[in-house]
Every structure is written in C-alpha cells, then in structure tokens.
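An overview of the molecular structure
Each chain is listed here by its residues.
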Amino acid sequence: MYDIRWIRENAAAFDKGLERRGLQPLSSSLLSLDDERRAAIAKAQGSQERRNALSKEIGKAMGAKDLALAEQLKAEVASLKESQPALEAQEKAAKAALDEQLAAIPNMPHDDVPDGADEHGNVVLHTHGEAPEKSGGRLFGANLLKEHFELGEALGQMDFETAAKLSGSRFKFLYFGLARLNRAIGQFMLDTHTEEHGYTEVMPPLMVRDDAMFGTAQLPKFRDDQFRAGDDHWLIPTAEVPLTNLVRESILSEEELPRRYTALTPCFRAEAGSAGRDTRGMLRQHQFEKVELVSITTPEKSAEEHERMLSCAEAVLKKLDLHYRVMTLCTGDMGFASQKTYDIEVWLPGQKTYREISSCSVCGDFQARRMNARYRTKDGKGPFFVHTLNGSGTAVGRALIAVMENYQNADGSISVPEVLVPYMRGVTRIEKA
C-alpha cells in the first residue's frame, strides 16, 4: 500500500519502479483520482465552513431584529445541510476509488533486485554442498533414482488415490513411518528456530477475517487463490497472515523490536492458475504444512533482518545435510508484497532439478501501512511504520520430499537423517509397512 503524498512527491521514481515490475506508469491516473478526492474534501469542508459562518450571521440578524434576513440565512443553512450528505458521499466515493487502485499495486523492488520478466531472470546468490549422486555420496546409481511419490507408494505409506476419492486432486494420505517423519521434520524445525534462532513460537488461528488478509496483501488481488470459510473467514494460505497481523493497529516502542515469530500450521491454497503443473506427487497441494518465520522491525534494521532470516532457513537444510542453492528473485518473479526475495531451492535427485523449499522476503512498510502497524523511537519520535519480513523456515512437505529423494536406498527404503532420529524415537530407516 502506498502513501499518495509520496507518489505525488516522487512520481518519476514510482513509475520507474512499476516499469521494473513490468507495469505501465500509474502516477498520472492516481494523482488525478487524488485531485478528485481533494476537491471533494474541499467542497464538503467549504459547505461546513459556510454553515458555521451563516450561523453567526443568523445570530447577528436576530440581534438586529432583521427577521427577514435571518429567515433568508436559515433557508440557506437548511439547503446546505440537505446537500451535505451528498458531498460527504462524493468524498467517500473518491477516497474508495483511490484506495482501490492503490491496493492493487505491487510493492516497489529494492535497487539491488535484478531486473527480469520471470524466473529465468533470477540470479544464483550462493550454493551449499553438492548433489550426493554427483559427489559419490549416499545415493546409489543416479539412473535408478526415484521420485518421492514412487518411493512413497512402493512403501505403502503415501496414498493419493484414496485422498482424491475423499477430497479431490492435490491431497494426500501419509501413513506409518512417512507420517511420523513428516511430523518429526516440523517439530525439528520449530525447535531449531525457537531454541537456536530466538523466534517466539505461536499457535495461531487457522481462519482469519478480510482485514487480516488485506493487511498482508492476499486480498483483494489474490482472492481466487484463497479458500473461503463461511461468510466471514478465510483459511490461512500461510501463517504469515496471523503472525504479521499480531501488530496490526498498534503502536510499538522501539525497545520491543525486533519481534520474531514462528508457527507450524496447516496451510490452504486453491492453486488457481496451476492446472497441469506438478500434478504427480505432493509438490503442489491444496493443504500442506509449513513452518513460518515473521519479523517485525525498524526500517534501519530490515535489510540486516532479511539476511538473518535467510540464514535461519538455511540452517535447517544444513542440519538435514541437503544440497541447495539460494536465488535472488528478479523483479518479474517476486511476490506482490515483496521488496526483495531470496528463494532457497533444494536439490531433488529424483526429478534431477532444484525446487523451491523456502522463500524469504522483506516487505518494507508495504504491509504495515495496510495494517496501520507503527512504532515510536527511543526518544519518543513518531509514530513511524514498522517494516515486516516473512519466510518459510521451511515448507514441511517439500522438506519431506527432499529427505525421501536424497536419503533413498537401493531397496526402496528411506534412511532417516541423523538430526531427525531423536524425533523418530531411534528409528533410522523407513521400510515397507
């Protein structure tokens, strides 16, 4: 969300940012809407000021016993009073039209974000480790490697067919060891982020109202990607929504910042527009689990916090001994609310490719303006808008996929990563049920 005053003062920079996003300039049309809003405000205020002035004139006329003038002035006051609701409605409509346009505009990219039209413009920031099948690691012959759904179904512990009968496509059942491994991965991530990285664990609601979805920018633009829950609620697409909205409509003190939250929740996404993509397996599901990371901080610290959040997400994959790379997303591939995004892409040997497992974004004050989340400095100045950040720490289902494909054995069993063995109560291998 933008401050129209900033756009008025920085029209060229605003249009340049939109151009980098692949959009047409909008400052002229937005400022025209703002001019209409200002004119409506001036008209309504002028009418009110005229009524106040007339009231004084009526008093003077009555004092001078000029009843004719007094009645004339009263008639004008009555006429102004009658027209006031229409003037206020015009003002309200002009503001709504401007706000609707502003709410549909994505965040401005940071100067250091690479330009590009789509994922092909993303840039490798760094890589960790090496694909085990290339380094002579734990995997058997690369030509025999299987994808996660082949492994899971052969083990009798991953079932898409039954899930489709009950719920439709893009759902799954997990059984026995894989169900437990999925749970173990989530608990391991939570423990890592709370005990080692200083995040506060939260168990949030899984349903939120329109205002919360608007605050983190899921609404109104991405309405079709969400699942409605009754007339008043939405199922959360990510715990980013309730966690970030913890500070909505509040004024924090600088001493309270940064605030860092984490949560392990189910997430629900309609996956609108993804027909035909990743239809096999559990890469793209309507329901999945994710450990979310959210930070609330000051503008001066947000860039540093972004790097910190990335390192926290990376730490999980390093502990799991998974090969991955970090990408800086280009302007054409960033999320709507993001100023800058890092994606962590884990290597999946069954697919012989990298797939996103975490996305860490800094949003500046974009969400804070939508939520009216502010803070005061140590010397009492402000209030100023906070900066918000969010990241996957990481997606549990995709981590399960990565573990299955990277720790598969020639007999179809799955070795349990050492760091997860305590969460599995000593089980070191998942074999056919």
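Details of the structure are given in the entry above.
Remember, predicted model here, so these are calculated numbers, not experimental data. (Residues numbered from 1 in each chain as written. Predicted model: local features only at pLDDT ≥ 70, side-chain atom pairs only at ≥ 80, totals over all residues. Heavy atoms only, no water.)

So, about the nonpolar core. The tendency in soluble globular proteins is for nonpolar side chains to be buried side by side. Core analysis: the largest hydrophobic core is formed by 50 residues, its most contacted members being M158, L181, I185, M189, I344 and I430. For this core, the secondary structure elements donating two or more residues are α6 (148-155), α8 (176-195), β10 (287-297), α11 (302-319), β11 (324-328), β12 (340-348), β13 (353-362) and α13 (396-406). Ignoring sequence-local partners within four residues, the contact set of M189 consists of V291, V316, G393, T394, A395, V396 and A399. (Core = buried A, V, L, I, M, F, W, Y, C linked by side-chain atoms within 4.5 Å. Buried < 20%, exposed > 50% of the residue type's maximum accessible area, 1.4 Å probe, protein only. Helix = DSSP H or I, 4+ residues; strand = E, 2+ residues; numbered from the N terminus. Contact = heavy atoms within 4.5 Å.)

Further remarks concern the pattern of salt bridges. One side chain can pair with another of opposite charge once the charged atoms of both are near each other. This model, assessed by the stated rule, comprises 18 salt bridges. The salt bridge partner of R228 is D210, with a shortest N-O separation of 3.0 Å. Here R228 is found in strand β6 (residues 227-229), whereas its partner D210 is found in helix α9 (residues 210-215), with 18 residues between them in sequence. A salt bridge links E305 to R260; its shortest N-O distance comes to 2.7 Å. Here R260 lies in strand β9 (residues 259-268) and E305 lies in helix α11, a separation of 45 residues in the sequence. A relative accessible area of 4% places E305 in the buried class. Members of the salt-bridge network, linked through shared partners, are R8, D34, D35, R37 and R38. (Salt bridge = Lys/Arg side-chain N within 4 Å of Asp/Glu carboxyl O.)

Once that is clear, we can look at the sheet that holds β13. Taken in spatial order, the eight strands of this open sheet run β1-β11-β12-β13-β16-β10-β9-β4, and their pairing is mixed. Of all strands in the sheet, those bounded by a partner on one side alone are β1 (123-128) and β4 (200-201). Sheet topology note: the β4/β9 ladder contains two bridges and is parallel. When the bridges of β9 are listed, E201 appears paired with T262. The sheet strands contacting α13 are β9, β10, β12, β13 and β16 (387-395), and the helix crosses β16 at an angle near 35 degrees. (Pairing = 2+ DSSP bridges. Axes fitted to C-alpha atoms, helices over the stretch in contact; angles between N-to-C directions.)

Here we come to the pairing of strand β14 (residues 373-376). Here β14 shows a buried face lined by A373 and Y375 and an unburied face lined by R374 and R376. One ladder, built from four bridges, connects strand β8 (residues 250-253) with β14; its direction is parallel. From the neighbouring strand, S250 faces β14, where its bridge partner is A373. In this structure, β14 lies alongside strand β15 (residues 384-385), joined through two bridges in antiparallel fashion. Its bridge partner lying in β15, Y375 is registered against F384.

We describe a pair of aromatic rings using the distance from one ring centre to the other and the angle between the two ring planes. Throughout the structure, instances matching the rule amount to 10 aromatic pairs. Ring centres of Y2 and F14 lie 5.3 Å apart, and the angle between their planes is 80 degrees; on these two criteria the pair is classed as edge-to-face. Taken together, the positions of Y2 in the segment before α1 (4-9) and F14 in helix α2 (residues 11-20) put the pair 12 residues apart, joining distant regions of the chain. Ring centres of W6 and F14 lie 6.4 Å apart, and the angle between their planes is 80 degrees; on these two criteria the pair is classed as edge-to-face. Look at W6 and you get partly exposed, because its relative accessible area is 34%. (Phe/Tyr/Trp six-rings, centres within 6.5 Å; stacked < 30°, edge-to-face > 60°.)

Okay, α8 next. The end-to-end C-alpha distance of α8 is 28 Å, a good match for the 28 Å that 20 residues give at a rise of 1.5 Å each. Those residues of α8 not exposed but buried are G177, L178, L181, N182, A184, I185, G186, F188, M189, L190, T192 and H193. (Expected span 1.5 Å × (residues − 1).)

What the three strands build is an open sheet, ordered β8-β14-β15; its pairing is mixed. On the outer flanks of this sheet lie β8 and β15, each paired with one strand and no other.

Reported here for the second largest pocket is a volume of approximately 390 Å³. Y2, W6, N107, M108 and Q339 are, among the 17 residues lining the second largest pocket, the residues nearest its centre. When contributions to the lining of the second largest pocket are tallied by element, the ones reaching two or more residues are α2 and α12 (366-371). For the lining of the second largest pocket, the leading source of residues is α2, giving four residues. Classifying every residue of the lining of the second largest pocket gives seven nonpolar, four polar and six charged. (1 Å grid on protein atoms, 1.4 Å probe; cavity = no way out; pocket = protein on both sides within 12 Å on 5 of 7 lines; lining within 4 Å. Points joined across faces, edges and corners; volume = space filled by probe spheres on them. Nonpolar A, V, L, I, M, F, W, Y, C, P; charged D, E, K, R; others polar.)

This part is about α2. Of the residues making up α2, those classed as buried are F14, D15, G17, L18 and R20. On the buried face of α2, the contacting elements are α1 and α3 (27-63). Of the residues trailing α2, G22 is marked for its positive phi of about 85 degrees.

Our next topic: the state of the cysteines. On inspection of all chains with the given rule, the structure shows zero disulfides. The closest cysteine sulfur to the non-disulfide-bonded C330 is located on C363, 17 Å from its own sulfur. Considering cysteine sulfurs only, C312 is the nearest to C360, which forms no disulfide, with 8.6 Å between them. (Disulfide = S-S within 2.5 Å.)

Between α8 and α13, the least distance of the axes is 9 Å, while the angle of their chain directions is 115 degrees. The crossing of α8 and α13 is right-handed. In this structure, α8 contributes L178, L181, N182, I185, G186 and M189 to the contact, and α13 contributes V396, G397, A399, L400, V403 and M404. Class assignment of the residues belonging to the contact of α8 with α13 gives a composition of nine nonpolar, three polar and no charged. (Left-handed = near helix turned anticlockwise from the far one by under 90°.)

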